[in-house]
Amino acid sequence: RNISPADVRVSSALQRVLRPAGPNCFWMNLQSLTATNLTCLRGGRLVFRDLSFAVERGQALSLEGANGAGKSSLLRMIAGFLTPAAGTLIARTNDAEIADAEDRGKCIGWLGHLDAAKPQMTVRETLAFFASFYASGASASAIVAALDRVGLTRLADLPCQYLSMGQKKRLALARLVLSNRPLWLMDEPLAALDTSGKTIVADLVTTHCKTGGLAILATHEPLGIDSTRLTLGAA
């Protein structure tokens, strides 16, 4: 059946990241993301301050730290869900510096804790919807290839309500691949995955970076990839 945006409700916050990139997408043109003196406040509590870092094209950055150190908050800040109390975030392309959060969001592929899977829709229908919503130009064959990459081929026509937590995470990974966005933000990407699923994450991120992408991942587990480490909450 045909899938339209009316078939799935997407939160207004998530729409900022999922907003179609259109012809001015910065894919293969995004060179770096630079954070300078970021400060994060949540509920009046200081989470971190004066945080600076840079991620270059082809690089993965692993965010580490104790619970409450601000890993998820930092990812949400980069995505534009949260506004820094102080500091700047600049995405640089060959032609411009992008400070606006909404424009930055058009470069971002998001993997969070929520699965964004409507129970009645099949796995294939879910990916078809998001490929259309992202305006990524993904064809039916690209959807089949994404399903194969995450090990969900045999479940393609199964309604999402019957998926396990790990299978829903694999579906989210396929959605990320189909987004065709240069900057991947991944919050606990290994959660709920078995050993083979964790290997899939490592392979996907490695391939993404080798082909010119950037990735920032919050994790409590070893990722099994070549990445730069940034520890939040460190003295």
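Before any of the text, the structure's been laid out above.
Small disclaimer: the values here were computed from a predicted structure and weren't measured.

Rules used in this analysis
- Residues numbered from 1 in each chain as written.
- Predicted model: local features only at pLDDT ≥ 70, side-chain atom pairs only at ≥ 80, totals over all residues.
- Heavy atoms only, no water.
- Phe/Tyr/Trp six-rings, centres within 6.5 Å; stacked < 30°, edge-to-face > 60°.
- Lys NZ or Arg CZ within 6 Å of the ring centre and 35° of its normal.
- Pairing = 2+ DSSP bridges.
- Helix = DSSP H or I, 4+ residues; strand = E, 2+ residues; numbered from the N terminus.
- Axes fitted to C-alpha atoms, helices over the stretch in contact; angles between N-to-C directions.
- Contact = heavy atoms within 4.5 Å.

Draft legend 1. Region of the structure containing the packing of aromatic side chains. With the rule as written, the count across this model stands at 3 aromatic pairs. Linked through ring pairs, Phe 129, Phe 130 and Phe 133 together constitute an aromatic cluster. The ring of Phe 130 is capped by Arg 175, whose NZ or CZ atom sits 5.1 Å from the centre of that ring.

Draft legend 2. Inspection of the sheet that holds strand S1 (residues 30-42) at higher detail. What the 4 strands build is an open sheet, ordered S2-S1-S4-S5; its pairing is antiparallel. If you trace the sheet from one side to the other, it starts and ends with strand S2 (45-56) and strand S5 (97-98), each paired once. Strand direction decides the pairing type here: S1 and strand S4 (residues 86-93), joined by 7 bridges, are antiparallel. Paired with Leu 33 across the bridge in S4 is Ala 91.

Draft legend 3. Region of interest: the sheet that holds strand S9 (residues 228-231). Ordered in space as S6-S7-S8-S3-S9, the 5 strands form an open sheet in which the pairing is parallel. Unpaired on one side and paired on the other, strand S6 (108-111) and S9 mark the two borders of the sheet. Taking each pair of neighbouring strands and ignoring which way they run, the sheet shows an average axis angle of 15°. Across 4 bridges, strand S3 (residues 60-64) lies against strand S8 (residues 214-218) in parallel orientation. Directly across from Ser 62, in S8, lies its bridge partner Leu 217. Together, S3, S6, strand S7 (183-187) and S8 form the strand contacts of helix H2 (residues 71-79), whose direction differs from that of S7 by roughly 150°.

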